[in-house]
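# A structural walkthrough
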Amino acid sequence: MTQTQTGARSRTFEWTDPALHASLLGHRSGLELLRAMAAGELPAPPVMHLLDMAGMDVAEGSVTVYLDPQEFHYNPLGTVHGGVLSTLLDTAAACSVHSTLPAGVGYTSLDLTVKFLRPVTVESGRLQTTGSVLQRGRRTALAEARMTDSAGRLVAHATSSCMIFEVPGA
């Protein structure tokens, strides 16, 4: 991804076909898929390129995503848009659930409850958003995500419920 800061701003980026990840759901566990993405063995999903996420750490039941706030993340008030922050929180929480699932089992977010605690700007430095599974059953899971800035201050928190299901044809 490139970003130009002189005059009119512009940004370009590339991504790979997202069908690649979907085709692997029946063959690899969630933990295996996420670890392969974190290691660069599989391409990151398009949303990671769209937001210019800075990386991901994966353990069973917990996923951390990183983002360096950029000007293109801003809302009209001059802070990072809440939708960007919500996407990071949703990603960390839901991927934490994904990290516990066997091959052939998928998930989708049922809800996301977000609390914004302080504004985020470029000066906030790298954001670290860590998700963790609080409870997982056969059909649903509950996860949370905590977002901190480079000074370690909590800037946002979320909880998410996910529906768990068998992937058709897996």
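A quick note: this is a predicted structure, and the numbers were derived from the prediction, not measured. (Residues numbered from 1 in each chain as written. Predicted model: local features only at pLDDT ≥ 70, side-chain atom pairs only at ≥ 80, totals over all residues. Heavy atoms only, no water.)

## Regarding the nonpolar core
In terms of nonpolar packing, the biggest core is built from 39 residues, with Met56, Leu127 and Met147 touching the most fellow members. Elements that contribute at least two residues to this core include exactly helix 2 (30–38), helix 3 (46–51), strand 3 (53–59), strand 4 (62–67), helix 4 (82–98), strand 5 (105–116), strand 7 (140–148) and strand 8 (154–166). Considering every element that reaches this core, the biggest residue donor is helix 4, with nine residues. Among residues more than four places away in sequence, those in contact with Met147 are Leu85, Leu88, Leu89, Leu127, Gln128, Thr129, Arg153, Leu154, Val155 and Ala156. (Core = buried A, V, L, I, M, F, W, Y, C linked by side-chain atoms within 4.5 Å. Buried < 20%, exposed > 50% of the residue type's maximum accessible area, 1.4 Å probe, protein only. Helix = DSSP H or I, 4+ residues; strand = E, 2+ residues; numbered from the N terminus. Contact = heavy atoms within 4.5 Å.)

## So, the environment of Leu20
Relative to the elements of secondary structure, Leu20 occurs in helix 1 (residues 19–24). Leu20 sits 29 residues away from His49 along the chain, and the two C-alpha atoms are 15 Å apart. What Leu20 contacts, discounting residues up to four positions off in sequence, is Leu42 and Pro43.

## Section: the sheet that holds strand 7
The six strands lie next to each other as 3-4-6-7-8-5, forming an open sheet whose pairing is antiparallel. The open sheet terminates on both sides in strands that have one partner only, identified here as strand 3 and strand 5. Across this sheet, the average inter-strand angle for adjacent strands is 20°, counted without regard to direction. Inspection of the sheet shows strand 6 (residues 127–136) paired to strand 7 by eight bridges, in the antiparallel sense. (Pairing = 2+ DSSP bridges. Axes fitted to C-alpha atoms, helices over the stretch in contact; angles between N-to-C directions.)

## A short note on the pairing of strand 6
Consecutive side chains along a regular strand alternate between the two faces of the sheet. When strand 4 meets strand 6, the two strands line up antiparallel, connected through six bridges. Across the sheet, residue Val65 finds its bridge partner in strand 6, namely Thr129. Linking two consecutive strands that pair antiparallel, namely strand 6 and strand 7, is a turn of three residues.

## Here's the deal with the packing of aromatic side chains
Across all of its chains, the model carries one aromatic pair by this definition. Ring geometry for Phe13 versus Trp15: centroids 5.5 Å apart, planes at 40°, classification tilted. With relative accessibility at 24%, the residue Phe13 sits in the partly exposed group. Overall, the relative accessible area of 52% leaves Trp15 in the exposed class. Over the ring of Phe72 we find Arg11; its NZ or CZ atom is 3.7 Å from the centre of that ring. (Phe/Tyr/Trp six-rings, centres within 6.5 Å; stacked < 30°, edge-to-face > 60°. Lys NZ or Arg CZ within 6 Å of the ring centre and 35° of its normal.)

## Overview of the environment of Gly137
Within the secondary structure, Gly137 is located in the loop between strand 6 and strand 7. By relative accessible area, Gly137 is classed as partly exposed at 24%. Spatially, the C-alpha atom of Gly137 lies 13 Å from that of Pro102, the residues being 35 residues apart in sequence.

## Structural notes on helix 2
Those residues of helix 2 that sit buried are Gly30, Leu31, Leu33, Leu34, Ala36 and Met37. Those residues of helix 2 hidden inside the fold are in contact with helix 1, strand 3, strand 4 and helix 4. After helix 2 finishes, the residue Gly40 shows a positive phi value of roughly 85°.

## A closer look at the pattern of salt bridges
For the structure shown, the criterion picks out three salt bridges. The partner of Asp68 in a salt bridge is Arg126, with the nearest N and O atoms 2.8 Å apart. Of the two residues, Asp68 sits in the loop between strand 4 and helix 4 while Arg126 sits in the loop between strand 5 and strand 6, which places them 58 residues apart along the sequence. By relative accessible area, Asp68 is classed as partly exposed at 27%. Residue Arg126 is classed as partly exposed on the basis of its relative accessible area of 40%. Of the charged contacts in the structure, one is a salt bridge between Asp149 and Arg153, with a shortest N-O distance of 2.7 Å. For Asp149, a relative accessible area of 5% puts it in the buried group. Arg153 sits in the partly exposed class, given a relative accessible area of 40%. (Salt bridge = Lys/Arg side-chain N within 4 Å of Asp/Glu carboxyl O.)

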